[in-house]
Amino acid sequence: MTEKTLAIIKPDAVKKKVVGKIIQRIEDEGFEIRSMKMLHLTKEEAKGFYIVHKDKKFYNSLTDFMSSGEIVVMLLEQENAIAHWREVMGATDPALATPGTIRHGFGFSVERNAVHGSDGQATAEWEINYFFKE
Ligand code: DAT
Ligand code: MG
């Protein structure tokens, strides 16, 4: 049984021109890219996507950042896709991420950490629906 997850290449990584390297890594890790688009979120769209964090102190800054430039949103499919993509991304804080992970390689700070990945099956379904509603 395969699983689907949502991946985002965040504005910091797009500005650094590492979109190609990140997509190459995704393919090298065996994920199927089922859908993909480049978007520039409005502040309201970023707030909607991160609504689970609405009470966190970083919510305003995070959603400013996420609406600050182009992002690349992808629907990935593979066996164990959710956990595998989180493993390839690395820890939220790039300073704590394992060498070899995307956040270790390309992240700048806990906020500007290059990529997003769903954290569970229910979240993945909700997040995929947020960007790829049919
Ligand atoms: P993850 O993206 O690893 O799932 P999360 O869901 O806890 O992490 O947080 C979502 C995003 O919010 C994260 O990618 C970056 C930002 N963030 C998390 N914790 C933060 C903090 N302490 N300060 C600033 N931004 C933070
Ligand atoms: Mg999360």
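What this report covers is the structure whose coordinates are included nearby. Nothing here was measured: the structure is a model prediction, and the numbers come from that model.

Describing the overall build of the chain
Scanning the chain for helices and strands turns up seven helices and four strands. Along the chain, from the amino end to the carboxyl end, the secondary structure elements read β-α-α-β-α-α-β-α-α-β-α. The C-alpha atoms of the chain give a radius of gyration of 14 Å, which matches the 14 Å a tight globule of 134 residues would have. Seen along its three principal axes, the alpha-carbon backbone of the chain occupies a region of about 35 × 35 × 25 Å. For the chain, the proportion of its 134 residues judged to be buried stands at 47%. The long-range fraction of contacts in the chain, counting pairs at least 24 apart against all pairs at least 6 apart in sequence, stands at 74%. If you sum the accessible surface of the chain, you get close to 7300 Å²; carbon and sulfur atoms cover 52% of it. Averaging the locations of the 18 positively and 20 negatively charged side chains of the chain gives two centres separated by 6 Å.

Considering the pairing of strand 1 (residues 3–9)
Extensive coverage of strand 1 is indicated by the burial of six of its seven residues. As paired strands, strand 1 and strand 4 (residues 115–117) are joined by three bridges and run antiparallel to one another. Within strand 4, the position partnered with Ile9 by the bridge is Val115.

A short note on the sheet that holds strand 2 (residues 32–39)
With antiparallel pairing, four strands are arranged side by side in an open sheet as 2-3-1-4. Looking at the sheet topology across the chains shown, the edges are occupied by strand 2 and strand 4. Here the average twist between neighbouring strands, direction ignored, is 20 degrees. Pairing between strand 1 and strand 3 (residues 71–78): seven bridges, direction antiparallel. Directly across from Ile8, in strand 3, lies its bridge partner Val73. Packing of helix 7 (residues 121–132) onto the sheet brings it into contact with strand 1, strand 2, strand 3 and strand 4, and relative to strand 1 it is tilted by some 60 degrees.

What to know about the site of ligand 1
Close to ligand 1 lie Lys10, Tyr50, His53, Phe58, Leu62, Arg86, Thr92, Arg103, Val110, Glu111 and Asn113, which account for all nearby residues. The separation between an oxygen atom of ligand 1 and a polar side-chain atom of Arg103 is 3.0 Å. Taking Asn113, its side chain carries an N or O atom lying 2.9 Å from an oxygen atom of ligand 1. For ligand 1, the protein covers 77% of the area, taking 510 Å² as the surface of the free molecule. Of the residues belonging to the shell around ligand 1, the class tally is four nonpolar, three polar and four charged.

Quick look at the environment of Pro11
Position of Pro11 among the secondary structure elements: in helix 1 (residues 11–15). Each C-alpha atom of the pair Pro11 and His104 lies 16 Å from the other, and the pair is 93 residues apart in sequence. Apart from the residues lying within four places of it in its own chain, the contact partners of Pro11 are Phe65, Met66, Ser68, Gly69, Glu70 and Ile71.

Brief notes about unusual backbone geometry
Its identity is not glycine, yet Lys17 carries a phi of approximately 60 degrees, on the positive side. By secondary structure assignment, the location of Lys17 is in the loop between helix 1 and helix 2 (19–28). Despite not being glycine, Asn80 shows a phi value in the positive range, around 60 degrees. For Asn80, the position within the fold is in the loop between strand 3 and helix 5 (81–89). Looking at Asn80, the relative accessible area reads 47%, which means it is partly exposed.

The rules behind these values
- Residues numbered from 1 in each chain as written.
- Chains lettered and ligands numbered in written order.
- Predicted model: local features only at pLDDT ≥ 70, side-chain atom pairs only at ≥ 80, totals over all residues.
- Heavy atoms only, no water.
- Helix = DSSP H or I, 4+ residues; strand = E, 2+ residues; numbered from the N terminus.
- Rg over C-alpha atoms; globule rule 2.2 N^0.38 Å.
- Buried < 20%, exposed > 50% of the residue type's maximum accessible area, 1.4 Å probe, protein only.
- Contact = heavy atoms within 4.5 Å.
- Areas by Shrake-Rupley, 256 points an atom, 1.4 Å probe, with all protein chains shown as cover.
- Lys, Arg positive; Asp, Glu negative; His and termini not counted.
- Charge placed at Lys NZ, Arg CZ, Asp CG, Glu CD.
- Pairing = 2+ DSSP bridges.
- Axes fitted to C-alpha atoms, helices over the stretch in contact; angles between N-to-C directions.
- Near = heavy atom within 4 Å.
- Polar contact = N/O pair within 3.5 Å; in protein donor to acceptor, adjacent residues only side chain to side chain.
- Nonpolar A, V, L, I, M, F, W, Y, C, P; charged D, E, K, R; others polar.

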